Amino acid sequence: MNFSNVFITACLLICLVINSVQSGYAQGTFSRLKSERIYTVWDDEPAPNRGGDFNITKARGYPYDEDWELRSYPIGNGYMGANLFGRTDTERIQLTEKTLANEGLYGIGGLTSFAELNFEFNHTNPTNYSRSININEAISYVNYVSDGVEYTREHFISYPDNVLVIRLTSSRDGGVSFTLKPEIPYLRDSTQKNTRTGKMEVHEDLITMSGFIEHFSVNYKGQIKVIPDGGKLSSAQNGDKAEITVSKANSVVLVIAAGTNYKLSNELFLEDVHSKKLDPESLPHEKVSSLINAAVAKGYENLKKTHLQDYQNLFSRVRLTLTSEIPKVSTKELLENYKADTTNHFLEELMFHYGRYLLISTSRKGTLPCGLQGVWSQYEVTPFTGGFWHNINVQMNYWGAFNTNLAETFTPYVEFFDAYLPKAKSLATEYLKKHNPQALATDSLDNGWTIGTGTTPHKIVGPGGHSGPGTGALTTKMFWDYYEFTMDTSFLREKAYPAILGMSKFLSKTLVPAGDSLLLVNPSASPEQKHNGENYITAGTTFDQELVWENHNDLLKASKILDLTNDFIEMVQTEITRLDPILVGKSGQIKEFREEEHYGEIGEKQHRHISHLCALYPGTLINSSTQDWMDASIVTLNLRGNNTTGWAMAHRMNARARTKDGEKAHEVYSKFIKERTLPNLWTTHPPFQIDGNFGCMAGVAEMLLQSHEGYIEPLAALPKAWSTGEYSGLVARGNFELSVVWKDGQASSIEVLSRSGGECRLKYPGIENAALYGRNGESTNFRRVDAESILFGTEKGKSYVLIFPENK
Ligand code: FUC
């Protein structure tokens, strides 16, 4: 190493860092020196209208409409979502409100479309057409020229103001004319299943849609306010339908609000009769009207400003560039080009940022958690109810929330958990009564709580059938991760610890002694695995055993941090040693079932779930210090293969990242983009499920930064494809924000912003030769742990920069 070179490089970089502070970056990092990269998802034609709207066919037993699913562009604020088609003749904007539910397929109820907004523009031959979502702004645009006039539409759904705002402008004074004809979909009278009534009323510039869905006694209301600048506005009422015509306005702003009488509460889950879950006397009318009134009073410019402040506060925390080449082609072409040749990595970068866009758009405090399709459904009956599937899907939605610096998007799940907990406790007692009565506690509180797969905003179920009780520990893992990434001890004390403790109490009672020392979950099932066409129910599947281990282990860590001890915790200390969770079989595989010898003897060989690898990801029991298990995990991943569905590829990607194999992780990511990504960059199981988007976003972060082994490991699974790049703002456990610049596969600088203080342990090849500097350029000491690891103390709020000697 040439010391003077290192010194010069270091000084240069430090100057840059100082400059970044001076230029006003609140959390200055190297990358933020560079200008912000603007990401757009765009097309040069509207979403098609093949077979007319509602051309809903069935695919794999579920409703399916290619135009909506593949081509429309989603925007959302957690409460509601809109799908934009961007048409110029008759525009279609389909609206979803997350709490609007009908009976649905399984009788347990499911998300149903709220409304359709049709705008008759009658522009038939547009030129210079484009539609886009600017994901740095969460604003969607439509631009074109018709008869020499330029038309622009702008759409965003503001979270703080909870309204959809649309603005229409044209290059000519008095150029904006249209007729707005909203529709309430899926109306059915009370003689039919899925009864839904609804009507519209118009008063001057305001259309009100209101109605009732019998199944859960849902009252709903939507309002559309049309505010033209100049021109003429007229309205018409035709029976239960209403319309507004604007002619020759200079510009028009529309504000749209929607709501229902849904109320997240303990009672909702405790009540079994579906029509009594909500109060039919409660009306959302005032709530919706006041949203409209407040938005109108605020005005377009302020609404937009508030929206941008809110959204960008979250979105702009992270930067990531994986390539310097940004192709100037539409997103659908980008995807097609990628299918033919994967050497341009811009789409891989874009998908990561799009994932963060989607998460912010679907999961905000006060809204329901992100469902299986986020906050978007045009269907009467949404595939799998659009609900919160707990044998992997809902958890996958949040896997990337913490390391991509969006921890607060997990809050809706915590609120949802608080509401369902009393029911989850009673389900635990019921489950134990049925399956393991001898373990029942005298005080039912000591039975803990449980949750099974098919959960909706109206109902939770216990585990059983195709998925064992480990589903609950997949759930508590999110709580533990939230704590580890944020270091929020009050969250640990008030939320995570009680949740994990309650889960350990339940899981401990699902264990049955086997032989001298073993304790096996019995009955147990590895999610959705079947043998000879039947659910395979057995004792001690790896899924259940390892998840009991994970939950118990997190409980022990939490109780140590909180300095709590009691008889139960002491019991867990011994119980955890009797689980024998991971077994290696004769094919060198991680066994999925204890009685399995060779890989694939029991169950489907290429099954989409890799539940026995949940200890590799999102769990931590299989890690670098358990090399035999790590090797067996690789054998399992190889044997299972990547020919699978959307979210299932995403799980494999994260698992490969944990084996530190950047090439294999990248290979499955690439396959996922080629095979499971749609032209609007939603991803498909199929059908469209948003879990794949989030699982892969998490996977990208996991490749670039790991922190589950007691140290921070930047670029832990860097593939050759991303040999040069940089990121800022990814988060490691311990609440450290990391910014890394790398070139030719080697880190040149690593910056750590310590957000909670504490010791920082970093692992990276050659790190002992790097130089550490404090924020003001002062040289700082670190302790060498080994050739690849160093340790240093940090102060809360301070940044530390490691500069690597130039590679020889
Ligand atoms: C799990 C998966 C299914 C589907 C459903 C929503 O049960 O096994 O494939 O994704 O969730």
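Structural data are supplied above this passage.
The rules we used
- All residue numbers refer to position in the chain's written sequence, counted from 1.
- Since the coordinates come from a predicted model, pLDDT governs what is reported: local features require at least 70, and pairs of side-chain atoms require 80 or more to be given and counted, while whole-chain, interface and lining totals use all residues.
- For the side-chain quantities, the full set of heavy atoms in the structure was used; hydrogens and water were omitted.
- Under the DSSP-based scheme used, a helix requires at least four consecutive residues in state H or I and a strand at least two consecutive residues in state E, with every element numbered from the N terminus.
- As defined in this context, the radius of gyration uses C-alpha atoms, and a globule is described by 2.2 Å times the residue total to the power 0.38.
- Relative accessible area decides the class of each residue, using a 1.4 Å probe on protein chains only: under 20% of the type maximum gives buried, over 50% gives exposed, and in between gives partly exposed.
- Residue contacts are defined here by distance: any two heavy atoms, one from each residue, within 4.5 Å place the two residues in contact.
- Note on areas: these come from Shrake-Rupley sampling with a 1.4 Å probe, and a residue is covered only by the protein chains present in the view.
- In this scheme, a helix's expected span is set at 1.5 Å multiplied by one less than its residue total.
- Any N or O atom pair separated by 3.5 Å or less is treated as a polar contact, with the protein-specific requirement of one donor-capable and one acceptor-capable atom, and with residues adjacent in sequence counted only for side-chain atom pairs.
- Note on terminology: near, applied to a residue and a molecule or strand, indicates that one of the residue's heavy atoms is within 4 Å of it.
- Here the nonpolar group is Ala, Val, Leu, Ile, Met, Phe, Trp, Tyr, Cys and Pro; Asp, Glu, Lys and Arg are the charged ones; every other residue, Gly included, is treated as polar.
- By definition, two strands form a pair when at least two bridges between them are found by DSSP.
- Angles here are taken between N-to-C directions and fall from 0 to 180 degrees, while the axes themselves are lines fitted to C-alpha atoms, restricted in helices to the stretch in contact.
- Convention used here: angles under 35 degrees read as roughly parallel, angles over 145 as roughly antiparallel, angles from 65 to 115 as roughly perpendicular, and any remaining angle as oblique.
- Take the far helix as the reference: if the near one is turned anticlockwise from it by less than a right angle, the crossing is left-handed, and if turned clockwise, right-handed.

(A) Highlighting the overall build of the protein. When helices and strands are counted, the protein shows 17 helices and 38 strands. What you see for the protein is a C-alpha radius of gyration of 27 Å, in line with the 28 Å of a compact globule of 808 residues. Dimensions of the protein, computed from the C-alpha atoms along their principal axes, are close to 80 × 70 × 45 Å. Residues classed as buried in the protein amount to 63% of the 808 residues present. Sequence-distant contacts, at least 24 apart, represent 68% of the contacts inside the protein between residues at least 6 apart. For the protein, the exposed surface amounts to about 28,800 Å²; the carbon and sulfur share of it is 48%.

(B) The arrangement of helix α16 (residues 662-676) in detail. With 15 residues, α16 extends 20 Å from end C-alpha to end C-alpha; this agrees with the ideal 21 Å at 1.5 Å per step. For α16, the complete set of buried residues consists of G662, A665, H666, V668, Y669, S670, K671, F672, I673 and R676. The backbone nitrogen of E663 has a side-chain oxygen 3.2 Å away, supplied by the residue at the start of α16, namely D661.

(C) Up close: the site of the ligand. All residues in the neighbourhood of the ligand are listed as L372, F384, W389, N391, N393, E528, R608, H609, W647, H685 and Q689. Burial of the ligand by the protein amounts to 96% of the accessible area it has alone, namely 290 Å². In terms of residue class, the shell around the ligand is built from four nonpolar, five polar and two charged.

(D) Representation of the sheet that holds strand β33 (residues 758-763) within the structure. Here three strands make up an open sheet; going across it, the order is β33-β37-β36 and the pairing antiparallel. Looking at the sheet topology across the chains shown, the edges are occupied by β33 and β36 (783-786). Going from strand to strand, the sheet's axes swing by 30 degrees on average, the running direction of each strand aside. Here β36 runs beside strand β37 (residues 789-794); their pairing, made up of three bridges, is antiparallel. Note that in β37 the partner of R783 across the bridge is L791.

(E) Quick look at the packing of helix α6 (residues 331-340) against helix α7 (residues 346-362). Taken N-terminus to C-terminus, the directions of α6 and α7 make an angle of 130 degrees; their axes are 10 Å apart at the nearest point. In terms of their interaxial angle, α6 and α7 are classed as oblique. Like other packed secondary-structure pairs, α6 and α7 cross with a definite hand, here left-handed. Contact residues: α6 offers L334, L335 and Y338, while α7 offers F346, L347, E348 and L350.

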